[in-house]
Amino acid sequence: FPPMKKYFHISVYCPNKGKFATVFSDITEHKQAEEALYKSKQQFESMILNSPDMIMSQNADGQIIFVSPQCENILGYTAEEIKNMDTSKHIHPDDVKIATETSLKTLEGDELINFEYRFFHKSGDIVWLNHSAKPIIANGKITEVQSTIRNITLRKLTENQIKKDLKIQTALIQ
């Protein structure tokens, strides 16, 4: 009943022949909770879909259970491809140790971990990633690890160019 801003569940039944009864149950609170949940879900999905970063969730065993669609822009792989691959085989060999050790620390419960590593894009190019991982703990146990992964390749290339330029300038001055 929109003018009253109330929601009712109406039941009609026949208690005796020739008679009927109607029961109105106020379900306004339930309906408002449903609407709030729907709105919250829409906002969450919008944030995930519109984030330039890749959002990922792993269960306590390290299995990837969710990857946002941005993975395709960042890594070249679809979410399904990433869920079904051994991602450690796509990490640059020089970075496997740090990525593995850091991931294990997260699964052991370290609060928030940030680390950088190189990953082989589907095209074969190297992509620098900044990976922030946080364990989600319920009842004293890690239930999942949520991660945000950002492509920092341009930043790394710029840093390396600045280092090269500084070396050249230093050499010229001496």
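Residues numbered from 1 in each chain as written. Predicted model: local features only at pLDDT ≥ 70, side-chain atom pairs only at ≥ 80, totals over all residues. Heavy atoms only, no water.

Peer 1: Provide a residue-level description of the sheet that holds strand 5 (residues 113-120), including the pertinent values.
Peer 2: Strand-to-strand pairing in sheets goes through backbone hydrogen bonds, with the strands running parallel or antiparallel. Taken in spatial order, the 5 strands of this open sheet run 4-3-7-6-5, and their pairing is antiparallel. Both edges of this open sheet fall to strand 4 (64-67) and strand 5, since each of them pairs with a single strand only. Adjacent strand axes in the sheet meet at a mean angle of 25 degrees, parallel and antiparallel pairs treated alike. As paired elements, strand 6 (residues 126-138) and strand 7 (residues 141-151) share 10 bridges and run antiparallel to each other. Residue lysine 134 lies in a different strand from strand 7, and its bridge partner there is glutamine 146. Docked against the sheet, helix 5 (residues 153-173) engages strand 5, strand 6 and strand 7, running at close to 125 degrees with respect to strand 6. (Pairing = 2+ DSSP bridges. Helix = DSSP H or I, 4+ residues; strand = E, 2+ residues; numbered from the N terminus. Axes fitted to C-alpha atoms, helices over the stretch in contact; angles between N-to-C directions. Contact = heavy atoms within 4.5 Å.)

Peer 1: Provide a residue-level description of the pattern of salt bridges, including the pertinent values.
Peer 2: For the structure on display, the rule yields 14 salt bridges. As a salt-bridge pair, aspartate 26 and lysine 6 come within 3.3 Å of each other at their nearest N and O atoms. Linking aspartate 26 in strand 2 (residues 21-26) with lysine 6 in the segment before strand 1 (8-13), this pair joins segments that are 20 residues apart in sequence. Here aspartate 26 falls in the partly exposed class, since its relative accessible area comes to 45%. The exposure class of lysine 6 is partly exposed, given its relative accessible area of 32%. Between glutamate 159 and lysine 156 there is a salt bridge whose closest N-O contact spans 3.9 Å. With a gap of 3 residues between them, glutamate 159 and lysine 156 both fall in helix 5, about one helical turn apart. Accessibility expressed as a relative area gives 15% for lysine 156, which makes it buried. Within the structure, one salt-bridge network assembled from shared partners comprises Glu116, Arg155, Lys156 and Glu159. (Salt bridge = Lys/Arg side-chain N within 4 Å of Asp/Glu carboxyl O. Buried < 20%, exposed > 50% of the residue type's maximum accessible area, 1.4 Å probe, protein only.)

Peer 1: Describe unusual backbone geometry, naming the residues involved and giving the relevant values.
Peer 2: Positive phi is not limited to glycine here, since asparagine 139 has a value of about 55 degrees. Topologically, asparagine 139 is positioned in the loop between strand 6 and strand 7.

Peer 1: Go over the pairing of strand 5, please, and point to the residues and values.
Peer 2: The pairing of strand 5 with strand 6 spans 8 bridges and is antiparallel. The residue of strand 6 that forms the bridge with phenylalanine 115 is histidine 131. Taken together, strand 5 and the strand that follows it, strand 6, pair antiparallel across an intervening segment of 5 residues, in which glycine 124 is found at a positive phi of about 100 degrees.

Function cannot be read off these values alone, since they describe shape.
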